[in-house]
Amino acid sequence: MNTAYWNRDKETLKGDGLEILQSKRLKWTVRQAAEVPFYRDLFRSAGIAPADIQSVRDIEKIPFTTKKDLQQGYPFGFLAVPMKKVVRIHTTSGTTGKPTVVGYTRRDLDNWSELIARNLTMVGLTDDDIFQNAVNYGLFTGGLGFHYGAEKVGMTVIPSATGNTRRQIEMIDDFGVTALHCTPSYAMHIAGVAEKEGTTLPSLKTGMFGAEPWSDNMRKILEEKLGVTAYDSYGMSEMYGPGAAFECQERDGLHIWHDMYYVEIIDPDTGEVLGPGERGELVVTPLVKEAMPLLRYRTGDITMLMEDECPCGRGAKLARFSGRCDDMLVIRGINVFPSQIEHVLRSIPEVGDEFLVYVDRVNHLDEMTIDIELKREYFSGELSDLTRVQNKVVAALREALNLRTRVKLVEPESLPRYEGKAKRVVDRRGDTV
Ligand code: DLL
């Protein structure tokens with residue numbers, strides 16, 4: 001298998017060697033966390049002292065940290081270093097209330113670029129590549145995070161950011177871009193506009209997509225339309241940003257960098273730690289974060305540790321993410337992830353790439369209505385045609401979700417397009433109860 005390493009020793013560290021390094025770094029992280037009043041209180045109320053944590057085997061003594069805790073510390077309550085040492089701030093837009101603020105020291109930024117450099121090298125990119133970074137460059141971590149990592153590898157970086165899709169396409173063609181990074185939703189939009197512009201984007205060979213859940217069906221479509229090999233990229237602001245976990249050339253699960261993150265999977269209801277092969281919520285303890293150490297941080301993201309060794313030689317992988325525990329919809333008692341709906345829709349040729357799910361409560365019963373665009377070529381105006389497609393979608397959804405849904409076919413290109421993360425669900429049940 002064709003695999004290149006940026007930092008072979010660290011990327012392939014396993015077994016006792018890994019545990020020793022993780023334990024050493026965990027002890028450092030716990031001492032760093034003890035600089036934060038929240039963690040001093042947490043240790044006190046849990047009846048533990050930093051010295052009680054001698055190895056990763058002791059980690060379960062430490063209570064979890066949640067996003068709510070971070071929000072209560074707004075803006076700088078979680079910083080473990082004086083502001084003088086903080087060289088950058090990013091924030092993540094909260095769905096409610098104040099955003100979560102994350103801070104970085106110079107060393108944090110170096111660590112972060114190292115992570116991105118590992119990922120880019122892992123998928124076969126080198127200083128010969130021309131890299132277009134079509135994500136938001138502001139407070140969102142996707143822009144600057146990838147930017148500095150790609151420069152570290154020596155790639156030619158085009159900081160195109162988002163917007164002006166025609167211009168993005170022109171740049172890909174004129175500059176001979178070989179690698180594209182954006183959200184999968186924006187990649188779909190770029191692909192659609194390129195098609196209309198009559199270009200097949202022949203220079204592109206690698207696509208790196210992340211920041212939101214996306215399915216294997218969407219991967220197939222993107223690969224076909226953009227002519228790339230597409231890789232899944234996972235991260236979150238609290239873990240620096242993108243770069244925490246990434247697919248290798250096997251494209252079967254994401255390698256998380258075990259020397260930098262200690263990973264647990266828990267049952268989100270009970271907090272019980274689950275074993276490999278069991279799906280649950282990802283809990284991470286970053287092991288090298290200086291400005292803003294976190295201990296057992298509940299990500300809200302659903303995945304599992306995979307059991308099989310990867311032929312590329314790196315450590316245990318995470319399965320592709322199936323959504324968040326908090327965006328999981330419970331419809332008439334059935335758990336539904338928007339990514340499952342997306343997976344179904346993308347297997348039906350008559351409907352387009354965009355959809356919007358509305359959840360309502362009608363006569364005390366949950367009703368899910370999905371607006372889906374009918375593709376132009378199937379838009380005959382015949383009612384019987386519409387009914388046929390509608391029934392087909394309803395049947396496919398029932399088969400996959402075990403749930404009856406209402407499907408509303410809407411005109412091509414009538415649903416909103418997103419340059420960043422797509423918003424797929426409007427839950428209106430709170431409005432009616
Ligand atoms: O989305 C960082 C990022 C930027 C990752 C660019 C990848 C590429 P946040 O804005 O803090 O950070 O959002 C983090 O997005 O907890 C997941 O719920 C979701 N997410 C990120 N990547 C994936 C993925 C960035 N590959 C939140 N699959 C996370 C599924 C993802 N969900």
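Note that the structure is a prediction, hence the values are computed from the model and not measured.

**A short note on the sheet that holds strand E13 (residues 297–303)**
An order of E11-E10-E12-E13 is seen for the four strands of this open sheet, with the pairing classed as antiparallel. The two strands at the open ends of the sheet, each matched to only one other strand, are strand E11 (273–274) and E13. Across four bridges, the pairing between strand E12 (residues 280–286) and E13 is antiparallel. Considered in E13, the bridge of Val284 is made with Tyr297.

**Concerning the nonpolar core**
Within the largest apolar cluster, 66 residues are counted, with the highest numbers of intra-cluster contacts made by Tyr39, Leu120, Met208 and Leu318. Residue contributions to this core peak at seven residues, all from helix H5 (residues 106–122). With residues up to four places along the chain from it excluded, the contact list for Leu120 reads Leu125, Phe146, Gly149, Ala150, Val153, Met155 and Met208.

**Remarks on the sheet that holds strand E18 (residues 365–374)**
Taken together, four strands build an open sheet; the order of strands is E19-E18-E17-E20 and the sheet is mixed. Looking at strand neighbours, the two that pair on one side only are strand E19 (406–410) and strand E20 (425–427), the edges of this open sheet. Across this sheet, the average inter-strand angle for adjacent strands is 20°, counted without regard to direction. Two strands pair when backbone bridges link them, and E18 and E19 are joined in this way by five bridges, in the parallel orientation. Within the sheet, the bridge partner assigned to Ile370 lies in E19 and is Val407. Lying on the sheet, helix H10 (residues 338–345) is in contact with strand E17 (351–362), E18 and E20; it crosses E17 at an angle near 135°.

**Some remarks on the domain arrangement of the protein**
Along its sequence, the protein is organised into domain 1 (8–326) and domain 2 (331–427). Of the roughly 1500 Å² buried at the junction of domain 1 and domain 2 (both faces included), carbon and sulfur atoms supply 51%. Along the contact surface separating domain 1 from domain 2 lie one salt bridge. The partner of Lys196 in a salt bridge is Glu413, with the nearest N and O atoms 3.3 Å apart. Joining domain 1 to domain 2, the criterion identifies eight residue pairs in polar contact (both at pLDDT 80 or more). Counted by class, the side of domain 1 that touches domain 2 contains nine nonpolar, ten polar and five charged residues.

**A closer look at the site of the ligand**
Close contacts around the ligand come from 20 residues, with Asp232, Ser233, Ser237, Asp301 and Lys421 the closest. Ser233 has a polar backbone atom sitting 2.7 Å from a nitrogen atom of the ligand. One of the side-chain N or O atoms of Ser237 is found 2.7 Å from an oxygen atom in the ligand. Out of a free accessible area of 620 Å², the ligand has 93% covered by protein chains. At the level of elements, helix H6 (141–153) and strand E7 (229–236) are the ones that each hand at least two residues to the shell around the ligand. If you tally residues by element for the shell around the ligand, the top one is E7, at five residues. Broken down by class, the residue content of the shell around the ligand amounts to seven nonpolar, eight polar and five charged.

**A few points about the packing of aromatic side chains**
Considering all chains together, one arrives at eleven aromatic pairs under this definition. Taken together, the ring pairs in this structure connect Phe38, Tyr39, Phe43 and Phe78 into an aromatic cluster. Above the plane of the ring of Phe64 lies Arg298, whose end atom (NZ or CZ) is 5.6 Å from the centre.

**Overview of the packing of H10 against helix H11 (residues 383–401)**
Between H10 and H11, the least distance of the axes is 10 Å, while the angle of their chain directions is 135°. Looking at the two axes, H10 sits oblique to H11. In terms of crossing hand, the pair formed by H10 and H11 is right-handed. Touching Gln340, Ile341, Val344 and Leu345 of H10 are Val393, Ala396, Leu397, Ala400 and Leu401, all from H11. Split into classes, the residues belonging to the contact of H10 with H11 amount to eight nonpolar, one polar and no charged.

**Details of the environment of Pro202**
Take Pro202: it is sitting in the loop between helix H8 (184–197) and strand E6 (206–210). The exposure class of Pro202 is exposed, given its relative accessible area of 66%. Sequence separation of Pro202 and Gly227 is 25 residues, and the distance between their C-alpha atoms is 7.3 Å.

**Things to note about the environment of Phe246**
Tracing the chain through its elements places Phe246 in strand E8 (residues 241–247). Overall, Phe246 belongs to the buried group, its relative accessible area being 0%. Measuring from C-alpha to C-alpha, the distance between Phe246 and Gly138 comes to 22 Å, with 108 residues separating the pair along the chain. Phe246 has contacts with Asn119, Met122, Val123, Phe146, Met208, Tyr231, Asp232, Ser233, Gly253, Leu254 and His255, leaving out every residue within four places of it along the chain.

About the thresholds
- Residues numbered from 1 in each chain as written.
- Predicted model: local features only at pLDDT ≥ 70, side-chain atom pairs only at ≥ 80, totals over all residues.
- Heavy atoms only, no water.
- Pairing = 2+ DSSP bridges.
- Helix = DSSP H or I, 4+ residues; strand = E, 2+ residues; numbered from the N terminus.
- Core = buried A, V, L, I, M, F, W, Y, C linked by side-chain atoms within 4.5 Å.
- Buried < 20%, exposed > 50% of the residue type's maximum accessible area, 1.4 Å probe, protein only.
- Contact = heavy atoms within 4.5 Å.
- Axes fitted to C-alpha atoms, helices over the stretch in contact; angles between N-to-C directions.
- Domains from an automatic or database assignment.
- Buried area = accessible area lost by both parts, 1.4 Å probe.
- Salt bridge = Lys/Arg side-chain N within 4 Å of Asp/Glu carboxyl O.
- Polar contact = N/O pair within 3.5 Å; in protein donor to acceptor, adjacent residues only side chain to side chain.
- Nonpolar A, V, L, I, M, F, W, Y, C, P; charged D, E, K, R; others polar.
- Near = heavy atom within 4 Å.
- Areas by Shrake-Rupley, 256 points an atom, 1.4 Å probe, with all protein chains shown as cover.
- Phe/Tyr/Trp six-rings, centres within 6.5 Å; stacked < 30°, edge-to-face > 60°.
- Lys NZ or Arg CZ within 6 Å of the ring centre and 35° of its normal.
- Parallel < 35°, antiparallel > 145°, perpendicular 65-115°, else oblique.
- Left-handed = near helix turned anticlockwise from the far one by under 90°.

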